[in-house]
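Tertiary structure, described
Here's the letter readout for the chains.
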Amino acid sequence: MSVRAAIVSFPGSNCEQDCERVLRGLGAEVVRVWHDATDLGGCDLVVLPGGFAHGDYLRPGAIARFSPVMQAVADHAASGGLVAGICNGFQVLCEAGLLPGALRRNAGLRFICRWVEVRVDNADTALTARAGPGQVLRLPINHFEGNYHVDASTLEAMRRRGRVTLRYVDNPNGSLDAIAGICNDAGNVFGLMPHPERACDPLLGSGDGALLFGSLLDAARGRVAV
Amino acid sequence: MRFAARVEVMPKAGIADPEGQTIERSLPALGYDGVAAVRVGKLITLELEADDADAARARVEDMCRALLANPVIEDYRVSIA
Amino acid sequence: MSTRTALHRDLGLSDDEYEAIVTRLGREPSYTELAMFSVMWSEHCSYKSSRLHLRRLPTTGPQVLVGPGEGAGVVALAPGVAVAWKIESHNHPSFVEPVNGAATGVGGIVRDVLSMGARPIALLDSLRFGPLEGAARNRYLLEGVVAGISSYGNSIGVPTVGGETSFDPCYEGNILVNVACLGVLEGPPMHARAERPGDVAVLIGAATGRDGIGGASVLASVSFAGGDDAKRPAVQVGDPFAEKLLIEACLELVRGGLLHGLQDLGAGGLTCPASEMTAGSGTGIAVDVDAVHRREPNMEPFEVMISESQERMLAIADEARVAEVLELCDRWGLPARVVGRITAQPRVVVHADDAIVADVPAPALADDAPLYDRPRRRPGWLDELAAAPCGDDPPAELAEAWLALLTSPEHACKRWIWEQYDHMIFLGTVQGPGADAAVIRLPGRDVAAVLSTDGPGRYCYLDPRAGAIAAVAEAARNVACTGARPLAVTNCLNLGSPEDEEVMWQFAEVVDGIAQACTALGTPVTGGNVSFYNATGDRAIHPTPVIGMLGVLDDARHAVGAAFSAPGDAIAVLGDTRAGDFGGSDFAATIHGTLAGRPPEVDLAAEARLASLLHRLAAQRVLTCAHDCSGGGLAVALAECALRSGLGFSVDLAAATAVAEPHRAAFSETPGRVVATCAQDALPDLLRAARAAGVPARAAGVVGGPVMDIGAARLELGAVRDAWEAALPSLLSDTVS
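On a predicted model such as this, the values are computed, not experimentally measured, just so you know. Residues take numbers from 1 onward in each chain, read along the sequence in its written order. Think of it this way: whatever chain is written first is A, whatever ligand is written first is 1, and the rest follow in order. Predicted model: local features are reported for residues with pLDDT of at least 70 only, side-chain atom pairs are reported and counted for 80 or more only, and whole-chain, interface and lining totals are derived from all residues. As a rule here, side-chain values come from all non-hydrogen atoms in the structure, and water together with hydrogens is ignored.

Details of the overall build of chain C
Helix and strand content of chain C: 27 helices and 28 strands. For 737 residues, the compact-globule formula gives about 27 Å, and the C-alpha radius of gyration of chain C, at 26 Å, lands near that figure. Summarising its shape, the C-alpha atoms of chain C cover approximately 80 × 55 × 50 Å along the three principal directions. Partly exposed describes any residue whose relative accessible area lies between the buried limit of under 20% and the exposed limit of over 50%, with all areas from a 1.4 Å probe on protein chains only and scaled to the type maximum. Looking at chain C residue by residue over its 737 residues, the buried ones come to 64%. Two residues qualify as a contact provided that any one of their heavy atoms is within 4.5 Å of a heavy atom in the partner residue. Considering only residue pairs separated by 6 or more positions, chain C has 84% of its internal contacts joining residues 24 or more positions apart. Helix and strand definitions follow DSSP, with helices as H or I runs of at least four residues and strands as E runs of at least two, each counted in order from the N terminus. Note that the radius of gyration is over C-alpha atoms, with the globule rule given as 2.2 Å times the number of residues to the power 0.38.

If you want it as structure tokens, here you go:
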């Protein structure tokens, strides 16, 4: 039975088509959910794609978190369902309080679209299970606000509990502790700044993104089987 | 009554402000020496109906907590006129 | 004369043009009518100085589905696959306010492509600035333009995949910001027509304010000389969020078959589609100005009719389905209002406050603009310039000259610029910025569109016709290097004032050069844009035709890159090298500070043979790298292959060129040449195929090692790479990292 993935888009999201194409290519069934929806159609995995929800006006994700669909996302997360926010989706999850911390302007004060290397900090999560511990993945980043910040005690707790999933090998944006991706304490809500959907085809530069999506689908499938 | 509110949103004390630092570093090149503590924030103005100034302030502070500022990285200050 | 005569001059209309309006109307125009005529008869909207000449361009071919005249040209890329392709300038607004000027330039060309019912999937920017080493304002302009493109293009989710950035003192007072957009059609082309009386006109998108009133049209028509600040009106401010919604909503409207016509609002505001869509269809329109949703109070009807507020489209729909149109727009959070009705009577009638404020024959606005055959004169200084020393003296030190060229802003790594652009969204960017040409795989297909822009201004200054031919040839060669077949051209012709007889001569020569080259290469012109008045005082820019070449690669997986591929590969040079092609060269400009002589002559038949050879070799998977040899000559081309790959090379330049003098072999800019590599054992095949195709080819050396060696000079690749990558950032803003 294939995994049912819901891709939630807001006005101004722009990576939803790419995520859909890649997830379908990996065998998932994809439903697209508009921001005004109040349910997620019984999905196993929720993906919040990249883009500029509501133009990123005020702060990225600040307005999107009030969309009706976010209550459904929060409910899905609270019941243990898998949620992954990519780039702008990560920003939305932080603003919504589903993930700790915030994403600030890049330290270099410029937008960065670049291939980077990220190291798997914890390979024992639903996002990273297909990768080995410490494995270096080649993924693109594409953001102006990817500079992760969180208070010191939360960071300490996250590190202790292995909630940092991905770290930049060469910190491109000033992120605290070179953090590129995290998950919540329960281990079912993920946020990452790199775009795995852009790294699922060697012709475009890398196939490493498929490891991350594949891991999520495996985990979702596990839940489906249960 | 109708009130005008100004909301200053600033990076929290102690949080790096690269934009402020860049401006601070570029000012001496233009001949402005001795400048320190440059910080860059946002100014939001709005008008609202409220019974009195205190009520207006309370509503705007609510807005700040809900939307206008992100408490993880930002502080805010409200003034009502 | 009435008091309005002073007004028409302020609006940029000549006395003769005013009289022509009076004659056509049989009376004096109202203010609203005068405003509408002033925008529609501006150079920018009417092409009144250029139309006569543009007719000489070849515009047809089996691949051309829609030629010039619509929002964008439409080209068949493969059976059942069509793309829209168009370039446009936003020079003057970008000089006044670089961030918003460039941003709205992106927005405008995207809406042009959208108006064809195509999804915009790629942007290219062809930028020209004054020298970065010079005035601080040159750096400010570059940084602002890049920030504008970045903020707008990234937010609307259209990748910026290529283009070029070039520098010359002639652009210091008049920068060039030309933006090209590629779109992919999801069905038959939409069109800018309103053929059925009774249909309604729906204005979709942002609210109308006073943006750019007397803006782009007038702005683009008046040079900056004279310090008349009143003619430097506010630049429009773009809202990429609104544009993104507009893209999605319009595509859904087209897909749902809800529209009979679609056109964007750009220069000329609402007046432009209201008159053009009807004039082209023999119909008219009744516009209700009061129905237009506005951002500002107390706007006059004429302001509403010519406002250049961004992110707006005019859609024509069957009245029976207009509720569906409005509902769909609402779902996307986009304001939309019925603002007019198509009429059988071919007039544009504007109603405001229950009165008629304008009543004009639609063709008078859209088709009857004056057509000028402006006087032309070949500049007297050209012969003197052609005879002057062209800057081909040997350099003091060959290696130093080579390094100076590689680290000049012209050739320096442009990563600082293109890393600020999302160049990857849509998963199609097989080759992006930094390559010879962008290779964009179309969504869900193997076929790729291959795109390049080129505009050698210095060549065109020395000889506009020869320079224009070189521009087309180089753009085609860039596309061919990937293995693609060049298909069609969009062009943006940037020049000084058409009222200057010498500029007008340059313009006519440029058009003839493009016509000659496009005919020879089988790449018709499907549309484009003319930007005049790029002059400050009596100083005009070099005539700069920017050629946007579109090619097709049947299988994106076969794309050949412009970086060396593997150590040990054999290097061959395709095409003959002439020892004396230094007129207008980068070597002459950078090393000797000279701009004189004759630009290199292009052999168009040889270019066509070269392109077809590259296509064949790529399809046979023989090539491991192919890089166009142009500015800076062979030494720069070889170094670029090395810098992009991290692989050095060893080449015998004398053998590769049959030119004895080292600096001539290294830096002469003979067109029609390509650096090609293949596996060693494939080299005989490559040379044999070239001979059979009538393309001169010489074995030149081998890929590999930490050094770039051209015999007469050697450079350490690592050190050069550091300097090449640092050159541009070190000239630009200092930031915390």
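Back to the write-up after that little detour.
A closer look at the overall build of chain B
Secondary structure assignment for chain B yields two helices and three strands. Overall, chain B shows an N-to-C arrangement of helices and strands of β-α-β-α-β. At 16 Å, chain B has a C-alpha radius of gyration far larger than the 12 Å of a compact globule built from 81 residues. Dimensions along the principal axes, computed over C-alpha positions, put chain B at roughly 50 × 25 × 15 Å. Looking at chain B residue by residue over its 81 residues, the buried ones come to 30%. Partitioning the intrachain contacts of chain B with sequence separation of at least 6 by distance along the chain shows that 70% fall at a separation of at least 24. With the model as given, the accessible surface of chain B reaches about 4900 Å², and the carbon-plus-sulfur share is 55%. Note on areas: Shrake-Rupley, 1.4 Å probe, and residue coverage restricted to the protein chains presented here.

Digging into the packing of helix H23 (residues 633-645) of chain C against helix H27 (residues 717-731) of chain C
All names here are of chain C. Put simply, H23 and H27 touch, their axes get as near as 10 Å, and they point 85 degrees apart. With respect to H27, the axis of H23 lies roughly perpendicular. Contact residues: Ala 642, Leu 643, Arg 644 and Ser 645 in H23; Leu 717, Val 720, Arg 721 and Trp 724 in H27. In this classification, the charged set is Asp, Glu, Lys and Arg, the nonpolar set is Ala, Val, Leu, Ile, Met, Phe, Trp, Tyr, Cys and Pro, and all remaining amino acids, among them Gly, are polar. Each residue belonging to the contact of H23 with H27 can be placed in one class, and the counts come to five nonpolar, one polar and two charged. Think of each axis as a best-fit line through the C-alpha atoms, taken over the contacting stretch in the case of a helix, with angles from 0 to 180 degrees between the N-to-C directions. If an angle is under 35 degrees, it is roughly parallel; if it is over 145, roughly antiparallel; if it lies from 65 to 115, roughly perpendicular; otherwise it is oblique.

A word on the interface of chain A and chain C
Every contact between the two is made by 29 residues of chain A and, on the other side, 35 residues of chain C. Each partner contributes to the roughly 2700 Å² buried at the junction of chain A and chain C, and carbon and sulfur atoms together form 57% of this total. On the chain A side of the contact with chain C, Arg 110, Cys 113 and Leu 203 of chain A bury the most area, a combined 22% of that side's loss. Here a salt bridge means any side-chain nitrogen of Lys or Arg lying within 4 Å of a carboxyl oxygen belonging to Asp or Glu. Where chain A touches chain C, the interface holds three salt bridges. The partner of Glu 419 of chain C in a salt bridge is Arg 114 of chain A, and the shortest N-O contact between them spans 2.9 Å. We call two N or O atoms a polar contact when they sit within 3.5 Å, provided that within protein one can donate a hydrogen and the other can accept it, with sequence-adjacent residues counted only if both atoms are side-chain atoms. Our enumeration of links across chain A and chain C arrives at nine residue pairs in polar contact (both at pLDDT 80 or more). Among the elements of the structure, helix H1 (16-25), strand E6 (112-120) and strand E7 (136-143) of chain A are those that each provide at least two residues to the side of chain A that touches chain C. When two parts are put together, the accessible area they lose, computed with a 1.4 Å probe and summed over both, is reported as buried area.

Remarks on a negative patch on the surface
Residues and elements named next belong to chain C. Where like charges cluster on the molecular surface, the negative patch consists of Asp 288, Asp 290, Asp 353 and Asp 354. Assignment of secondary structure puts Asp 354 in the loop between strand E12 (347-352) and strand E13 (355-361). Take Asp 354: its relative accessible area is 84%, and that puts it in the exposed class. Patch membership needs two things, relative accessible area over 30% and no salt bridge, and members are linked within 9 Å if like-charged or within 5 Å if nonpolar (Val, Leu, Ile, Met, Phe, Trp, Tyr). Positive residues here are Lys and Arg, negative ones are Asp and Glu, while His and the chain termini are left out of the count. Just so you know, the charge point we use is NZ for Lys, CZ for Arg, CG for Asp and CD for Glu.

Points about the sheet that holds strand E11 (residues 336-343) of chain C
Residue and element names in this part refer to chain C. A strand pair is defined by DSSP finding two or more bridges across the two strands. With respect to topology, seven strands assemble into an open sheet ordered E8-E10-E7-E11-E9-E12-E13, the strand pairing being mixed. Of all strands in the sheet, those bounded by a partner on one side alone are strand E8 (261-264) and E13. Each strand axis lies, on average, 20 degrees off the axis of its neighbour in the sheet, ignoring direction. Across four bridges, E8 lies against strand E10 (residues 312-317) in antiparallel orientation. Bridged to Asp 264 within E10 is Met 313. Along the sheet face, helix H7 (residues 98-114) touches E8 and E10 and points at about 170 degrees away from the line of E8. Sheet contacts for helix H11 (residues 271-279): E8, strand E9 (284-288), E10, E11 and E12; angle to E8, the most-contacted strand, approximately 145 degrees.

Some thoughts on the interface of chain A and chain B
Between chain A and chain B, the contact holds 13 residues from the first and 16 residues from the second. For the pairing of chain A and chain B, the buried interface totals around 1200 Å² over both sides, and the portion due to carbon and sulfur atoms is 63%. When the buried area of chain A at its contact with chain B is split by residue, Leu 58, Arg 59 and Arg 104 of chain A rank highest and sum to 46% of it. Taken together, the connections running from chain A to chain B amount to one salt bridge. Arg 59 of chain A is the salt-bridge partner of Glu 74 of chain B, the closest N and O atoms lying 3.6 Å from each other. At the junction of chain A with chain B, the criterion picks out six residue pairs in polar contact (both at pLDDT 80 or more). Grouping the constituent residues of the side of chain A that touches chain B by class yields seven nonpolar, two polar and four charged.

Quick look at the nonpolar core
In summary, soluble globular proteins display a tendency toward joint burial of nonpolar side chains. Counting residues in hydrophobic clusters, the biggest one holds 114 residues, and the most contacted among them are Val 8, Phe 10, Leu 23, Leu 40, Leu 48 and Leu 166 of chain A together with Ile 514 of chain C. Broken down by element, the residue count for this core peaks at 10 residues, all from helix H20 (residues 501-521) of chain C. Setting aside residues no more than four positions away along its own chain, Leu 40 of chain A makes contact with Ala 6, Val 8, Val 31, Val 33, Val 46, Val 69, Ala 72, Val 73 and His 76 of chain A. As used here, the term nonpolar core means buried Ala, Val, Leu, Ile, Met, Phe, Trp, Tyr and Cys residues forming a set that is joined through side-chain atoms within 4.5 Å. Among the nonpolar cores identified, the runner-up in size contains 66 residues, and Ala 82, Ala 103, Tyr 152 and Trp 416 of chain C belong to it.

Digging into the confidence of the model for chain B
Should pLDDT be low for a region, the predicted coordinates there are not to be read in detail. What pLDDT reports is the predictor's confidence in each residue, on a scale of 0 through 100. When pLDDT is averaged along chain B, the result is 91; 100% of the residues meet or exceed 70. Taking the mean pLDDT of every element in chain B, the minimum, 81, falls on helix H1 (residues 18-26) of chain B and the maximum, 96, on strand E2 (residues 42-49) of chain B.

Here we look at the pairing of E13 of chain C
Residue and element names in this part refer to chain C. Pairing of E12 with E13, which is carried by six bridges, proceeds in the antiparallel orientation. Considered in E13, the bridge of Arg 347 is made with Pro 361. Between E12 and the antiparallel strand that follows it, E13, lie two residues; Asp 353 among them carries a positive phi value of about 55 degrees.

Concerning the domain arrangement of chain C
Throughout, the edges of the domains are those of an automatic or database domain assignment. Assigned domains of chain C: these are domain 1 (190-367) and domain 2 (391-424 + 560-731). When each unit is reduced to the centre of its C-alpha atoms, the spacing between domain 1 of chain C and domain 2 of chain C is 49 Å.

Quick notes on the pairing of strand E23 (residues 623-629) of chain C
Residue and element names in this part refer to chain C. Burial within E23 is extensive, with six of its seven residues counted as buried. Note: E23 against strand E25 (residues 673-678), six bridges, orientation antiparallel. Across the sheet, the residue bridging to Cys 629 is Arg 673, located in E25.

A short note on unusual backbone geometry
For Ala 37 of chain B, which is not glycine, the phi dihedral falls at a positive 55 degrees. You can see Ala 37 of chain B is positioned in the loop between H1 and E2.

Overview of empty space enclosed by the protein
Residues and elements named next belong to chain A. As defined here, a cavity is a set of points on a 1 Å grid over the protein atoms alone where a 1.4 Å probe fits but cannot get out. A pocket is an open set with protein on both sides within 12 Å along at least five of seven lines, and residues line them when an atom is within 4 Å of a point. Grid points are joined across faces, edges and corners, and a volume is the space filled by probe spheres set on the points. Under the definition given, this model contains four cavities of 30 Å³ or more. Around the second largest cavity, the lining is made up of 18 residues, and of these Gly 51, Phe 52, Cys 87, Asn 142 and His 143 lie nearest the centre. Secondary structure elements with two or more residues in the lining of the second largest cavity: helix H3 (88-95) and E7. A class-by-class count of the residues in the lining of the second largest cavity yields five nonpolar, nine polar and four charged.

Thoughts on a nonpolar patch on the surface
Residue and element names in this part refer to chain B. On the surface, a nonpolar cluster with roughly 320 Å² of combined accessible area is contributed by Leu 30, Tyr 32 and Val 35. Structurally, Val 35 is set in the loop between H1 and E2. On the basis of relative accessibility, which here comes to 33%, the residue Val 35 falls in the partly exposed class.

Notes on H11 of chain C
For H11 of chain C, the tally of buried residues reaches eight of nine residues, placing the bulk of the element in the interior. Listed in full, the buried residues belonging to H11 of chain C are Thr 271, Cys 272, Pro 273, Ala 274, Ser 275, Met 277, Thr 278 and Ala 279 of chain C.

Side note on the pattern of salt bridges
Opposite charge on two side chains makes pairing possible when the charged atoms of those side chains draw close. Residues and elements named next belong to chain C. The full count for this structure, using the stated rule, is 69 salt bridges over all chains. In this structure, the salt-bridge partner of Arg 255 is Glu 186, at a minimum N-O distance of 3.2 Å. Within this pair, whereas Arg 255 is found in helix H10 (residues 240-255), its partner Glu 186 is found in the loop between strand E6 (176-185) and strand E7 (200-205), the two being separated by 69 residues in sequence. Exposure remark for Arg 255: the relative accessible area of 52% places this residue in the exposed category.

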